[in-house]
Amino acid sequence: DQDMNRSVTQKEIMWYLDERRRKEEKEGGPKMRQMAPDFTLRKLDGSGTVTLSDLYKKKPVVLVFGSYT
């Protein structure tokens, strides 16, 4: 509510979304639908490694980052 009138207009919503998009672009990071960079990680059980490109050659891969606690 930019003008503090306790009401949010469509113009104010569009301004907010534009500001958010500009902030995300300035901060960098991957863009929507952009391919993730390839990486290799050690397996938790120590039995070797796993590489992202090897996985997505076989089937789709979804990477989820976050906390579920």
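A quick note: this is a predicted structure, and the numbers were derived from the prediction, not measured.

Participant: Kindly report on the pattern of salt bridges, identifying the contributing residues and their values.
Facilitator: Per the counting criterion, the structure on display carries 2 salt bridges. The salt bridge involving arginine 21 is made with aspartate 18; its shortest N-O contact spans 3.4 Å. Pair noted here: arginine 21 and aspartate 18 are both in helix H1 (residues 10–27), with a separation of 3 residues, about one helical turn. Given a relative accessible area of 38%, arginine 21 falls into the partly exposed group. With relative accessibility at 29%, the residue aspartate 18 sits in the partly exposed group. Arginine 22 serves as the salt-bridge partner of glutamate 19, at 2.6 Å between the closest nitrogen and oxygen. With glutamate 19 and arginine 22 both in helix H1, this residue pair falls 3 residues apart, about one helical turn.

The rules behind each value
Residues numbered from 1 in each chain as written. Predicted model: local features only at pLDDT ≥ 70, side-chain atom pairs only at ≥ 80, totals over all residues. Heavy atoms only, no water. Salt bridge = Lys/Arg side-chain N within 4 Å of Asp/Glu carboxyl O. Helix = DSSP H or I, 4+ residues; strand = E, 2+ residues; numbered from the N terminus. Buried < 20%, exposed > 50% of the residue type's maximum accessible area, 1.4 Å probe, protein only.

These values are about where atoms sit, not about what they do.
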